[in-house]
Amino acid sequence: MSETGGNPPAAPAAPTPPIPWTKVAWVIGLLVLAYLPILIGMANQWSTDDDMSHGFFVPAVAAYIAYQRREELLATEAKPSYLGLLLILWSLAQMCVGILGAELFLQRSAFVGSVWGAILFLGGWPFIRVLTLPMLMLPLMVPLPAIVYNQVTFPLQLFASAVAEQVLSLLGIPVLRDGNVLELANQKLSVVEACSGIRSLLSLTFLSLVYGYLSEKRLSIRWAIFLASIPIAVAANSFRVSATGVISEYNPELAKGFLHTLEGGVVFAFAFILMILFHVILKKILAWRGQPAAA
C-alpha cells in the first residue's frame with residue numbers, strides 16, 4: 001500500500017449563519033412600539049429645530065454601520081447578559097418618570113438606553129464591542145436638555161463675540177462689546193443662540209464620527225478627528241460672526257436673511273474641509289515618524 005505525502009486537506013470553513021431577521025424585526029418593532037409617541041415627538045423637533053436637523057441621519061447611519069458589520073457580528077459568539085435586561089427595565093422606569101414629569105430628555109434618552117440594553121441582553125459584551133461606534137452615535141440624535149443647552153450656548157455666544165471684537169478692532173472697525181452684543185458705528189449686532197455655534201458643533205461632531213469611520217481604520221486617529229472637530233467648529237463659528245460684523249459695516253442687508261443663512265452653510269463646509277485637512281496632516285506626521293498610515 002502506498003502512502004501519499006503532504007498535509008491533509010484543510011477542513012472547509014464553517015458557513016456563516018444567516019441573519020435572524022425575524023428576531024431582529026421583533027426587537028426593533030417592540031422598541032419602536034414602546035417609544036412610538038416619544039420618537040414621533042423627537043422627529044418633529046428634528047424637522048423644526050435647525051440645531052437638531054442632523055437627527056434624521058443619526059439612526060440611519062448607525063443602522064448602516066451595524067449592517068456593514070453583520071458578518072463580524074454573526075461570527076461573534078453571543079453571551080447574553082442579564083445586565084441588559086436591568087438596563088431595559090431602568091430605561092422603561094426612566095421613561096415613565098420623564099412622562100410624569102414632562103421631561104423630554106429623560107423620555108428620549110430612555111430609548112437609547114433601551115437599545116443599548118437590548119443589545120447587551122441578547123448578545124452580551126461581545127456584541128457591544130462590535131457595535132460600539134453605532135451605539136455611541138445614538139445619543140447624538142437626542143436634543144440636549146434645556147439646562148445643558150443654555151449652559152453650553154451662552155459661553156459660546158460670549159466667546160464668538162469676544163473673538164469678533166478682536167478681529168474687527170484689528171481691521172480698524174470701531175466696535176464696543178457688551179456681553180454678546182457688538183455695538184458698531186451704524187448698527188448693533190446681537191450674537192443670539194442661533195449664532196452661538198451649537199448647531200455647527202453638534203453637526204460637525206456627528207459628521208466627524210462618520211468621516212472617521214469611512215476614512216480611517218485606526219481607533220486613535222478616529223478619536224483625534226472627533227476631538228479636533230470641537231475646536232474647529234467653535235473657531236469656524238467665531239470666524240462667521242466676525243465676517244458678519246465686517247460685511248454689515250459695508251452693507252447691512254448682506255448680513256440678514258438668505259445671505260446670512262448661505263454664509264453659515266459656507267462656513268460649515270469650510271469647517272469640514274479643515275477637519276479633513278487635520279486628518280491629512282496628522283497622517284503625514286505619523287508617516288514621517290515612521291508609523292504606517294492607515295487608509
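Rules behind the numbers
Residues numbered from 1 in each chain as written. Predicted model: local features only at pLDDT ≥ 70, side-chain atom pairs only at ≥ 80, totals over all residues. Heavy atoms only, no water. Salt bridge = Lys/Arg side-chain N within 4 Å of Asp/Glu carboxyl O. Helix = DSSP H or I, 4+ residues; strand = E, 2+ residues; numbered from the N terminus. Buried < 20%, exposed > 50% of the residue type's maximum accessible area, 1.4 Å probe, protein only. Expected span 1.5 Å × (residues − 1). Arc of directions from axis to C-beta. 1 Å grid on protein atoms, 1.4 Å probe; cavity = no way out; pocket = protein on both sides within 12 Å on 5 of 7 lines; lining within 4 Å. Points joined across faces, edges and corners; volume = space filled by probe spheres on them. Nonpolar A, V, L, I, M, F, W, Y, C, P; charged D, E, K, R; others polar. Bend = angle between axes of the 7 residues up to and from the residue. Polar contact = N/O pair within 3.5 Å; in protein donor to acceptor, adjacent residues only side chain to side chain. Pairing = 2+ DSSP bridges. Contact = heavy atoms within 4.5 Å.

Q: Tell me about the pattern of salt bridges, residues and numbers included.
A: Taken as a whole, this structure holds three salt bridges when the rule is applied. Taking the shortest distance from any N to any O, the salt bridge between Arg199 and Asp51 comes out at 3.1 Å. Of this pair, Arg199 sits in helix α9 (residues 198-215) while Asp51 sits in the loop between α2 (36-48) and α3 (57-68), and the two are 148 residues apart along the sequence. Residue Arg199 is classed as partly exposed on the basis of its relative accessible area, which comes to 28%.

Q: How would you summarise α2 if you had to cite specific residues and measurements?
A: Taking 1.5 Å per residue as the helical rise, α2 with its 13 residues ought to reach 18 Å, and the 19 Å between its terminal C-alpha atoms agrees with that figure. Listing the buried residues of α2 in full gives Ile38, Leu39, Met42 and Trp46. Seen along its axis, α2 keeps its buried residues to an arc of 95°; they face one direction. Away from its buried face by more than 90 degrees, α2 exposes Pro37, Ser47 and Thr48.

Q: Go over the layout of surface pockets with me, naming the residues and quoting the values.
A: Here the second largest pocket is characterised by a volume of approximately 480 Å³. The wall of the second largest pocket is formed by 24 residues, among which Arg199, Ser200, Ser203, Gly264 and Phe268 lie closest to the centre. Taken together, the elements giving at least two residues each to the lining of the second largest pocket come down to α3, α9, α10 (219-250) and α11 (257-288). Residues belonging to the lining of the second largest pocket are distributed by class as follows: 11 nonpolar, 10 polar and three charged.

Q: Tell me about helix α6 (residues 104-130), residues and numbers included.
A: Here α6 is 27 residues long, yet its end C-alpha atoms lie only 30 Å apart, well below the 39 Å a rise of 1.5 Å per residue gives. At Gly123, α6 shows its maximal kink, close to 125°; a proline, Pro126, follows between one and four residues later. Among the 27 residues of α6, 19 are classified as buried, and the element is accordingly described as predominantly covered. Where α6 begins, the capping side chain belongs to Glu103, and its oxygen is found 3.0 Å from the backbone nitrogen of Phe105.

Q: I'd like a rundown of the pairing of strand β1 (residues 175-178), residues and numbers included.
A: Relative to strand β2 (residues 181-184), β1 runs antiparallel, the two being bridged by four bridges. Among the inter-strand pairings, Asp178 is bridged to a residue of β2, identified as Val181.

Q: Lay out the environment of Leu122 in plain terms, naming residues and giving numbers.
A: Inspection of the secondary structure assignment puts Leu122 in helix α6. Residue classification places Leu122 among the partly exposed positions, given a relative accessible area of 45%. The sequence separation of Leu122 and Tyr82 amounts to 40 residues, and the corresponding C-alpha distance is 8.9 Å. Once residues within four sequence positions are removed from consideration, Leu122 is found in contact with Val27, Ala78 and Pro80.

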